[in-house]
Amino acid sequence: MQVSGMNYTKFIHYISTQQLLPSVQTIANHLNLSNRKIYYLLQAANSELRSVHQPFLVPNLEITGQQVSALTTKLSIAAANEYINSYDRQLIMSICIALPLKKWTLSEFQLLFDVSRNTVLRDISELKKRKKFKPEFSKKNGFEFKESLFDLLVNVYNNLILLQYHASALEHFIHTLDCQFSYSKFLLVSDKLKNMYKSTLKKQISASSAMTLTIFSVLASLYNNYHPITSVSALFNNTDIASFKKRQEHHVIKDFALIVTTNFAITMPTSVKLFLTLQLLSVTKEQDEHFSSHSFQDLLILSEHIVNSFMDTAHIDSTHSEKRALTRDIQTQLKPFWYSVRYQSITVYDYLYHEPMLENDVKKSLNNLPDHSLYNRLFPFGLLPDQITILAMIFYNFNLQHQEVPRLHILMLTSLPIYSQNLFQTFIEKNNITPCDLTIKHITNTDKSLIDNDNFDLIITESTDIDTKLPTFLIDRELTNTEFDRLKTVLSQL
C-alpha cells in the first residue's frame, strides 16, 4: 500500500539525506513529531520497501541508494515544506466522494492526509453543513453524495478549478488516483491541449483551465471504468448532444481524447467528451472579453437608465412589460457599440432613418442619466452621431408600435341587395391597409339631415339625392373591377 501525507513526505526527504538511519528519537526531534508517529512512518516505509523486495530500514544501519530510490519513486509528490489546510482537504475530499475510485472511509482520509481521526471528523462535519453535496456514509460504499450524475461532474470540475490556486494540494490530489500519474505528465498533456485550442480556435486558453480540463478528463474516465455511464442521455438531451457535436470545441476534445489515451492508457467515453465540450465552451466565453457577463450586466443597468431618462424627456408612457422589452432592445444595441469602443473596431452603419426631434431627445436623455460614471466608464468618448441615430430609431419604432392607429369611419347608405352589401363590406375589410369601421344603413330609414353629425370620413351610396359636405363615393350601377379599384384608391387617399 502506498502511503501519502505531508509527514511521510518530510520523513522520506529527511532520511534520504542521511548515510545511517538515525534513532527514532533523533528523527522525532528533527521533524518535531512524536516517537509514536515516527514508528508509524518507519513501518509504512518498510511496507513500501517490502513491496519492491528491498531490505527494511533499521536504526543505525546504512541507508542504500536502492532503498532511497524505491521510496522517493513512490513518494507523494506534495512538497515537504507545504501544509494542506482544512480548506484544501475539504476540496479534495469533496472530489473523492463525488467521483470515487475506491471506498472512502474515515481511515482512508486519515491515511491520505496523515491527520488524526478527529481532524477528518471535523472536515466531514464542515461538509455536512452544505445545502448540497452533504456526505452520507454507508458500510457498503463509504462516504457518497446523493446528487445527480451531472451535478456530481459539475461539482468535481468546479472544485478542480479551486485546487488550481493551491499547487501542493493539487499535486496531493493527483496522488489519490493511484495510477502512478505524475504532475509533470498532466502539465505536459495540458500544454498540448492549449496548443490544440489555439491552433483550432485561434484563441488562448489559460494554463489553469487547461490543467483542470486535463485532470478532469482522466478522473472522469477512470470513474467510468469503475461505474460505467451507460447512457449519454443521463447528462444531455438529444438537442444538446447534436448542438455540441457541431461545435469546434467538440472537435478539439475529440482530438484531445486521443492524446489522453496515448499518455494515460485510458479511454475517454462519449459522455465525458460531451461534458468537456460544454466546459470548453464555457472557457471560450470567459476567455473572450467580448462575452464579459459583468460588462453586459452594466450595459443592462445603463439601458434601464437611458430608457427611463428618455421616457421622462419625451413624455412617453408605457407599461412595465413594454418598458422591459424596450430596455432589452436598447441593451442588445449597446453591446456592439461597447464592443467597437473596447476593441477600437471601425463600424459603418447603413440604412439610417433620421428623426431630428427624437435624436435630440436621446442626447438630452444621455445628459440627464442618474449615473454618469457608469456611462463614462463604458463609453469614455460618448456615443457617435450614427449611434445616437440608431437609438433614436429604436425609440421611434417603439413609439410607432404603441401609437393608436386612426380608423376610417365609413357609412354605407344604400338600398342595394344584401349580396352586394356583403361584397362591399368584404372588399373594404380585406383591401385597405388602414382599419375601417363600416356602418351600413338603409336609405329609406335614415334622416339625411343627421348624416353630417355622425363624424364619418366617407359615405358610400348609389343615391344622388343625398346632400352632404362629407366625401362621397357614388356607386355605379354596374359593379366592375374598375369600380372597386376606384374605391380602393379613394380609401388609400383618405
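Going by an unreviewed UniProt entry, the protein carries the name Transcriptional antiterminator and comes from Leuconostoc gelidum subsp. gelidum.

Asks: Describe the nonpolar core, naming the residues involved and giving the relevant values.
Replies: Membership of the largest hydrophobic core comes to 72 residues, with the highest contact counts inside it found for Phe 109, Leu 163, Phe 173, Leu 177, Phe 186, Phe 216 and Val 218. If one sorts the elements of this core by residue count, helix 11 (residues 207-226) sits on top with 10 residues. Setting aside residues no more than four positions away along its own chain, Leu 177 makes contact with Leu 101, Phe 186, Val 218, Leu 219 and Leu 222.

Asks: Summarise the pattern of salt bridges; cite the residues concerned and give the values.
Replies: It is possible for side chains of opposite charge to pair when their charged atoms get near one another. Taken as a whole and assessed by the stated rule, the structure comprises 9 salt bridges. Residues Glu 249 and Arg 247 are paired through a salt bridge, measuring 3.4 Å at the closest nitrogen-oxygen approach. Taking relative accessible area as the criterion, Arg 247 reaches 35% and is therefore assigned partly exposed. In this structure, Glu 483 engages Arg 486 in a salt bridge whose closest nitrogen and oxygen atoms are separated by 2.9 Å. Placement of both Glu 483 and Arg 486 in helix 21 (residues 481-493) is noted, with a separation of 3 residues, approximately one turn of the helix. The class for Arg 486 is partly exposed, based on a relative accessible area of 38%.

Asks: How would you summarise the side chain of Ser 217 if you had to cite specific residues and measurements?
Replies: By the element assignment, Ser 217 lies in helix 11. At a separation of 2.6 Å, a polar atom in the side chain of Ser 217 contacts the main-chain carbonyl oxygen of Thr 214. Leave out the neighbours within four places in its chain, and Ser 217 touches Phe 256, Val 260, Met 268, Val 272 and Leu 276.

Asks: Account for the packing of aromatic side chains, naming residues and giving values.
Replies: In this structure the tally under the stated criterion is 18 aromatic pairs. For the pair Tyr 157 and Phe 216, a centre-to-centre distance of 5.8 Å together with 80° between the ring planes defines the contact as edge-to-face. Of this pair, Tyr 157 sits in helix 8 (residues 149-163) while Phe 216 sits in helix 11, placing them 59 residues apart in sequence. For Tyr 157, a relative accessible area of 4% corresponds to the buried category. Residue Phe 216 is classed as buried on the basis of its relative accessible area of 1%. Ring pairs connect the aromatic residues Phe 150, Tyr 157, Phe 216, Phe 236, Phe 244 and Phe 275, which therefore count as one cluster. For Lys 102, the ring lying beneath its charged end belongs to Trp 104, and the centroid distance is 4.7 Å.

Asks: Explain the packing of helix 5 (residues 86-98) against helix 8 to me, and be specific about the residues and the numbers.
Replies: Between helix 5 and helix 8, whose axes approach to 9 Å, the crossing angle comes to 150°. As far as their axial angle goes, helix 8 and helix 5 are roughly antiparallel. The element helix 5 and its partner helix 8 pack so that their crossing is left-handed. From helix 5, Tyr 87, Leu 91, Ile 92, Ser 94, Ile 95 and Ala 98 reach across to helix 8, where they touch Leu 152, Asn 155, Val 156, Asn 159, Leu 160, Leu 162 and Leu 163. The residue inventory of the contact of helix 5 with helix 8, partitioned by class, reads 10 nonpolar, 3 polar and no charged.

Asks: For helix 8, give the residues involved together with the corresponding values.
Replies: With 15 residues, helix 8 should reach 21 Å at 1.5 Å per residue; the first-to-last C-alpha distance of 21 Å fits that figure. For helix 8, the complete set of buried residues consists of Leu 149, Leu 152, Leu 153, Asn 155, Val 156, Tyr 157, Asn 159, Leu 160 and Leu 163.

Asks: I'd like a rundown of the pairing of strand 5 (residues 458-461), residues and numbers included.
Replies: Residue alternation in strand 5 divides its side chains into two sets, Leu 458 and Ile 460 and Ile 459 and Thr 461, and both sets are buried. Here 4 bridges tie strand 3 (residues 408-414) to strand 5, and the two strands are oriented parallel to one another. Within strand 5, the position partnered with Leu 413 by the bridge is Thr 461. As defined by bridge partners, strand 5 adjoins strand 6 (residues 472-474) across 3 bridges and the pair is classed as parallel. Residue Thr 461 lies in a different strand from strand 6, and its bridge partner there is Leu 474.

Asks: Provide a residue-level description of the packing of helix 5 against helix 7 (residues 117-127), including the pertinent values.
Replies: One way to put it is that helix 5 packs onto helix 7 with a least axis distance of 10 Å and a crossing angle of 70°. Considering their axes alone, helix 5 and helix 7 lie roughly perpendicular with respect to each other. Considering only the axes of helix 5 and helix 7, their crossing is right-handed. On the side of helix 5, the interface is formed by Ser 86, Arg 89, Gln 90 and Met 93, while helix 7 contributes Thr 119, Val 120, Asp 123, Ile 124, Glu 126 and Leu 127. When the residues that make up the contact of helix 5 with helix 7 are grouped by side-chain class, the tally is 4 nonpolar, 3 polar and 3 charged.

Asks: I'd like a description of unusual backbone geometry, backed by residues and values.
Replies: Unusually for a residue other than glycine, His 53 sits at a positive phi of about 60°. By the element assignment, His 53 lies in the loop between helix 3 (35-51) and helix 4 (65-73). In this structure His 53 comes out as exposed when scored by relative accessible area, which is 74%. Its identity is not glycine, yet Asp 114 carries a phi of approximately 55°, on the positive side.

Asks: Describe a nonpolar patch on the surface, and please don't skip the residues or the numbers.
Replies: On the surface, a nonpolar cluster with roughly 410 Å² of combined accessible area is contributed by Tyr 87, Ile 161, Leu 162 and Tyr 165. Position of Tyr 87 relative to the elements: it lies in helix 5.

About the thresholds
- Residues numbered from 1 in each chain as written.
- Predicted model: local features only at pLDDT ≥ 70, side-chain atom pairs only at ≥ 80, totals over all residues.
- Heavy atoms only, no water.
- Core = buried A, V, L, I, M, F, W, Y, C linked by side-chain atoms within 4.5 Å.
- Buried < 20%, exposed > 50% of the residue type's maximum accessible area, 1.4 Å probe, protein only.
- Helix = DSSP H or I, 4+ residues; strand = E, 2+ residues; numbered from the N terminus.
- Contact = heavy atoms within 4.5 Å.
- Salt bridge = Lys/Arg side-chain N within 4 Å of Asp/Glu carboxyl O.
- Polar contact = N/O pair within 3.5 Å; in protein donor to acceptor, adjacent residues only side chain to side chain.
- Phe/Tyr/Trp six-rings, centres within 6.5 Å; stacked < 30°, edge-to-face > 60°.
- Lys NZ or Arg CZ within 6 Å of the ring centre and 35° of its normal.
- Axes fitted to C-alpha atoms, helices over the stretch in contact; angles between N-to-C directions.
- Parallel < 35°, antiparallel > 145°, perpendicular 65-115°, else oblique.
- Left-handed = near helix turned anticlockwise from the far one by under 90°.
- Nonpolar A, V, L, I, M, F, W, Y, C, P; charged D, E, K, R; others polar.
- Expected span 1.5 Å × (residues − 1).
- Pairing = 2+ DSSP bridges.
- Patch = residues over 30% accessible without salt bridge, like charges linked within 9 Å, V, L, I, M, F, W, Y side chains within 5 Å.
- Areas by Shrake-Rupley, 256 points an atom, 1.4 Å probe, with all protein chains shown as cover.

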